[in-house]
Amino acid sequence: MEHFVWDVDPTILRLGPLQIRYYGLLFATGILIGFTLWRRSLERMNYPEDKIYSYFYYMTILGILGARFGHCLFYEPARYLANPIEMLYIWKGGLASHGGTIGLIIGSFVYAYAKRIPLLVVQDYTAWAAVTAATFVRIGNFFNSEIVGRVTDVPWAVHFPRAFDGGRFARHPSQLYEAAMGLFIFVVLLIMDTKMKNRRPRGLLIGTFLVLYFAGRFVVEFFKEYQTLSTSSVLTMGQYLSIPFFLLGFVFLTIAWKDRGRLTGEIPPDVAQPSSEKG
């Protein structure tokens, strides 16, 4: 084969029925990095620990459930609607980034209400969880030889012997395209947050993430193997699903633009109060 061959065992360690896989470790790493950045951001705003640490459980549970249900309903509806209990079999694989984003959005509403934190503050910093999870999950997909790209003869094409075609054809490493895109967006968000800190208009981080990520996802879909929809469809399922999230990002950016005069240069009053005064 003239192209690079990726034939790495996705399982790192087997202990009887227990398996430790690259995907799981990478997924957990993305979640932990996202939570660390969330914690740092809320501590900078003087929020107490009880309002910070429970975020991990809210967003992890709802994010994973959203990703799982999204995969089942968006990509394999016939199979899972015929046997709905299988939607809960998360260990069998099948997560969708669009569903995960929906789960994080729902989680932000629930968490903001439960902890009495301004919704836009929660949603803004949820961008950390979204971008880190999305990036590391795609690297995990590469280790699993899944969600491969379309057949191509570009110099950097990859054979995936563990994929559905047995590695017969060289394909775009579309998982790495998305991972690189996620890393770029992470750097953009980090620069924004580092430079502006609490002077940043609320909605800017999450709006930037949604616009950049789903615009990039729309483009990467042109290089990914078709899922669910046939090749006769104008767009892929991933592209159709990316459009509303892209538009939602512009809604957040519009909110940030309108708030720039009121918030830039000062910490919002409902955020700046000492932690002892928060219920």
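For the structure itself, consult the block above.
All values reported here derive from a predicted model rather than from experimental measurement. (Residues numbered from 1 in each chain as written. Predicted model: local features only at pLDDT ≥ 70, side-chain atom pairs only at ≥ 80, totals over all residues. Heavy atoms only, no water.)

Re empty space enclosed by the protein
- Taken as a whole and assessed by the stated rule, the structure comprises 2 cavities of 30 Å³ or more.
- If you add up the space inside the largest cavity, you get close to 400 Å³.
- If you trace the largest cavity, you find 26 residues lining it, with Phe27, Leu104, Ala129, Ala133 and Ala134 closest to the centre.
- Secondary structure elements with two or more residues in the lining of the largest cavity: α1 (22-44), α3 (55-75), α5 (97-115), α6 (119-143) and α8 (204-220).
- It is α3 that provides the largest number of residues to the lining of the largest cavity, a total of 7 residues.
- Each residue belonging to the lining of the largest cavity can be placed in one class, and the counts come to 19 nonpolar, 6 polar and 1 charged.
- The space that makes up the second largest cavity amounts to roughly 110 Å³.
- When contributions to the lining of the second largest cavity are tallied by element, the ones reaching two or more residues are α5, α6, α8 and α9 (237-263).
- Here the residues of the lining of the second largest cavity are counted per class, giving 8 nonpolar, 4 polar and no charged. (1 Å grid on protein atoms, 1.4 Å probe; cavity = no way out; pocket = protein on both sides within 12 Å on 5 of 7 lines; lining within 4 Å. Points joined across faces, edges and corners; volume = space filled by probe spheres on them. Helix = DSSP H or I, 4+ residues; strand = E, 2+ residues; numbered from the N terminus. Nonpolar A, V, L, I, M, F, W, Y, C, P; charged D, E, K, R; others polar.)

Points about the sheet that holds strand β5 (residues 170-171)
- Spatial strand order, β1-β4-β5: 3 strands in an open sheet with mixed pairing. The open sheet terminates on both sides in strands that have one partner only, identified here as β1 (4-5) and β5.
- Note: β1 against strand β4 (residues 158-159), 2 bridges, orientation parallel. Note that in β4 the partner of Phe4 across the bridge is Val158. (Pairing = 2+ DSSP bridges.)

What about the nonpolar core?
- In this structure, Trp38, Tyr55, Tyr125, Leu189 and Phe209 are the most contacted members of the largest nonpolar core, which totals 35 residues.
- Of all the secondary-structure elements, those providing two or more residues to this core are α1, α3, α5, α6, α7 (174-196), α8 and α9.
- Residue contributions to this core peak at 10 residues, all from α6.
- For Trp38, the contacting residues outside a window of four places in its chain are Lys51, Ile52, Tyr55, Tyr111, Val122, Tyr125 and Trp128. (Core = buried A, V, L, I, M, F, W, Y, C linked by side-chain atoms within 4.5 Å. Buried < 20%, exposed > 50% of the residue type's maximum accessible area, 1.4 Å probe, protein only. Contact = heavy atoms within 4.5 Å.)

Thoughts on the environment of Gly216
- Positionally, Gly216 belongs in helix α8.
- Overall, the relative accessible area of 16% leaves Gly216 in the buried class.
- For the pair Gly216 and Thr152, spaced 64 residues apart in the sequence, the C-alpha separation amounts to 20 Å.

Observations concerning unusual backbone geometry
- With phi around 70 degrees, Asn46 is a residue other than glycine that occupies positive phi space.
- By secondary structure assignment, the location of Asn46 is in the loop between α1 and α2 (49-52).

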